[in-house]
Amino acid sequence: DSGVTQTPKHLITATGQRVTLRCSPRSGDLSVYWYQQSLDQGLQFLIQYYNGEERAKGNILERFSAQQFPDLHSELNLSSLELGDSALYFCASSPQGDEQYFGPGTRLTVT
Amino acid sequence: GQSLEQPSEVTAVEGAIVQINCTYQTSGFYGLSWYQQHDGGAPTFLSYNALDGLEETGRFSSFLSRSDSYGYLLLQELQMKDSASYFCAPLQHDKLIFGTGTRLQVFP
């Protein structure tokens with residue numbers, strides 16, 4: 001158990017819909033990272049927050065957005081969902097960037 | 001530009017030694033991390049090399065050569081449970097760059 005929690009574990013929704021994925025980092029970790037992992041693809045870095053502020057952005061679509069709240073939990077919002085958005089979404093937290101602790105992931109299926 | 005290369009698949013037998021190579025090209029390089037991911041699971045941290053040389057953690061060792069933009073993960077005394085995907089991930093500032101990983105299959 002990494003100490004990072006993610007909810008929900010599974011999510012099935014239709015194209016065009018909007019969903020919110022939630023992540024609670026390990027106690028004391030200020031950084032939260034979001035990744036997308038599609039079938040046969042590696043982990044794609046989406047976005048990083050540090051203590052409530054956006055720190056780095058990766059290949060995140062404009063339809064996707066995230067935020068980190070004062071209690072350090074983070075949410076990833078995915079809107080106007082397309083079939084290609086079906087993937088595993090991981091959240092990770094870290095005290096510094098070198099060692100990241102990943103949550104169990106949210107499996108999103110868009111039908 | 002930015003690039004990351006590691007073999008897509010490696011096979012070995014139990015008890016053997018396997019080396020997974022990684023070459024990278026990235027700006028703002030801080031160090032090289034390695035992660036393991038079992039099918040259906042989350043990536044878990046294995047090692048991090050900030051400096052050139054070999055870091056050993058039990059059966060696993062990781063090596064970095066900054067001048068060659070090259071690193072490797074060495075797995076010794078392979079066990080069936082080592083069957084998984086292994087990702088090298090350069091640390092760029094405080095962001096990890098992951099590729100598609102190397103799938104290791106260990107056979108009895």
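Report follows, based on the coordinates. Since the structure is predicted, the reported quantities are computational estimates derived from the model, not experimental observations.

1. Some details on the nonpolar core
Then step 1. In this structure, Leu21(A), Trp34(A), Leu76(A), Leu78(A), Tyr89(A) and Leu108(A) are the most contacted members of the largest nonpolar core, which totals 21 residues.
Then step 2. Elements supplying a minimum of two residues to this core: β3 (19-24), β4 (31-37), β5 (43-50), β7 (64-68), β8 (74-78), β9 (87-94) and β11 (106-110) of chain A.
Then step 3. Not counting residues up to four positions away in its chain, the partners in contact with Tyr89(A) are Gln6(A), Leu21(A), Tyr35(A), Gln36(A), Leu46(A), Phe64(A), Leu76(A), Leu78(A), Gly105(A), Thr106(A) and Leu108(A).
Then step 4. In this structure, Ala12(B), Leu32(B), Trp34(B) and Cys88(B) belong to the second largest nonpolar core, which totals 20 residues.

2. So, the pairing of strand β8 (residues 70-75) of chain B
Residue and element names in this part refer to chain B.
Then step 1. With respect to burial, β8 is a largely interior element, five of its six residues being buried.
Then step 2. Relative to β8, strand β3 (residues 18-25) runs antiparallel, the two sharing six bridges. Directly across from Cys-22, in β8, lies its bridge partner Gly-71.
Then step 3. By the bridge criterion, six bridges tie strand β7 (residues 60-65) to β8 in an arrangement that is antiparallel. Residue pairing in the sheet places Phe-60 in a bridge with Leu-75 of β8.

3. Some thoughts on the sheet that holds β3(B)
All names here are of chain B.
Then step 1. Taken together, the five strands give an open sheet; going across it, the order is β1-β3-β8-β7-β6, and neighbouring strands pair in antiparallel fashion. Of all the strands in the sheet, just β1 (3-5) and β6 (53-57) have a single pairing partner and so form its edges. The average undirected angle you get between the axes of adjacent strands in this sheet is 15°.

4. Description of the layout of surface pockets
Rolled over the atoms, a probe sized like a water molecule indicates the empty space that remains.
Then step 1. In this structure, the second largest pocket encloses a volume near 160 Å³.
Then step 2. Lining the second largest pocket are Asp1(A), Ser2(A), Val4(A), Gln100(A), Tyr101(A), Phe102(A), Gly103(A), Pro104(A), Ala42(B), Pro43(B), Thr44(B) and Phe45(B).
Then step 3. For the lining of the second largest pocket, the elements supplying multiple residues, two or more each, are β10 (101-102) of chain A together with β5 (44-49) of chain B.
Then step 4. In terms of residue class, the lining of the second largest pocket is built from seven nonpolar, four polar and one charged.

5. Comments concerning the packing of aromatic side chains
Then step 1. This structure, assessed with the given rule, holds 15 aromatic pairs over all chains.
Then step 2. For the ring pair Tyr24(B) and Phe29(B), a centre distance of 4.5 Å and an interplane angle of 15° mean the geometry is stacked. Summarising the burial analysis for this pair, Tyr24(B) and Phe29(B) share the class buried.
Then step 3. Grouping aromatic residues by their ring pairs yields a cluster made of Tyr35(A), Phe45(A), Phe90(A), Phe102(A), Tyr35(B), Phe45(B), Phe87(B) and Phe98(B).
Then step 4. Here Arg26(A) stacks its cationic end above the ring of Tyr101(A), 3.6 Å away from the centre of that ring.
Then step 5. The residue whose ring lies beneath Arg55(A) is Tyr50(A), and the NZ or CZ to ring-centre distance is 4.4 Å.

6. Observations concerning the pattern of salt bridges
Then step 1. The full count for this structure, using the stated rule, is five salt bridges over all chains.
Then step 2. Across the salt bridge formed by Asp29(A) and Arg26(A), the nearest N and O atoms sit 2.8 Å from each other.
Then step 3. Overall, Arg26(A) belongs to the partly exposed group, its relative accessible area being 22%.
Then step 4. Its salt-bridge partner being Arg59(B), residue Asp82(B) comes within 2.8 Å of it at the nearest N-O pair. Placement of Asp82(B) in the loop between β8 and β9 (84-92) and of Arg59(B) in the loop between β6 and β7 is noted, with a sequence separation of 23 residues between them.
Then step 5. The network of salt bridges with common partners includes Arg63(A), Glu82(A) and Asp85(A).

Calculation notes
- Residues numbered from 1 in each chain as written.
- Chains lettered and ligands numbered in written order.
- Predicted model: local features only at pLDDT ≥ 70, side-chain atom pairs only at ≥ 80, totals over all residues.
- Heavy atoms only, no water.
- Core = buried A, V, L, I, M, F, W, Y, C linked by side-chain atoms within 4.5 Å.
- Buried < 20%, exposed > 50% of the residue type's maximum accessible area, 1.4 Å probe, protein only.
- Helix = DSSP H or I, 4+ residues; strand = E, 2+ residues; numbered from the N terminus.
- Contact = heavy atoms within 4.5 Å.
- Pairing = 2+ DSSP bridges.
- Axes fitted to C-alpha atoms, helices over the stretch in contact; angles between N-to-C directions.
- 1 Å grid on protein atoms, 1.4 Å probe; cavity = no way out; pocket = protein on both sides within 12 Å on 5 of 7 lines; lining within 4 Å.
- Points joined across faces, edges and corners; volume = space filled by probe spheres on them.
- Nonpolar A, V, L, I, M, F, W, Y, C, P; charged D, E, K, R; others polar.
- Phe/Tyr/Trp six-rings, centres within 6.5 Å; stacked < 30°, edge-to-face > 60°.
- Lys NZ or Arg CZ within 6 Å of the ring centre and 35° of its normal.
- Salt bridge = Lys/Arg side-chain N within 4 Å of Asp/Glu carboxyl O.

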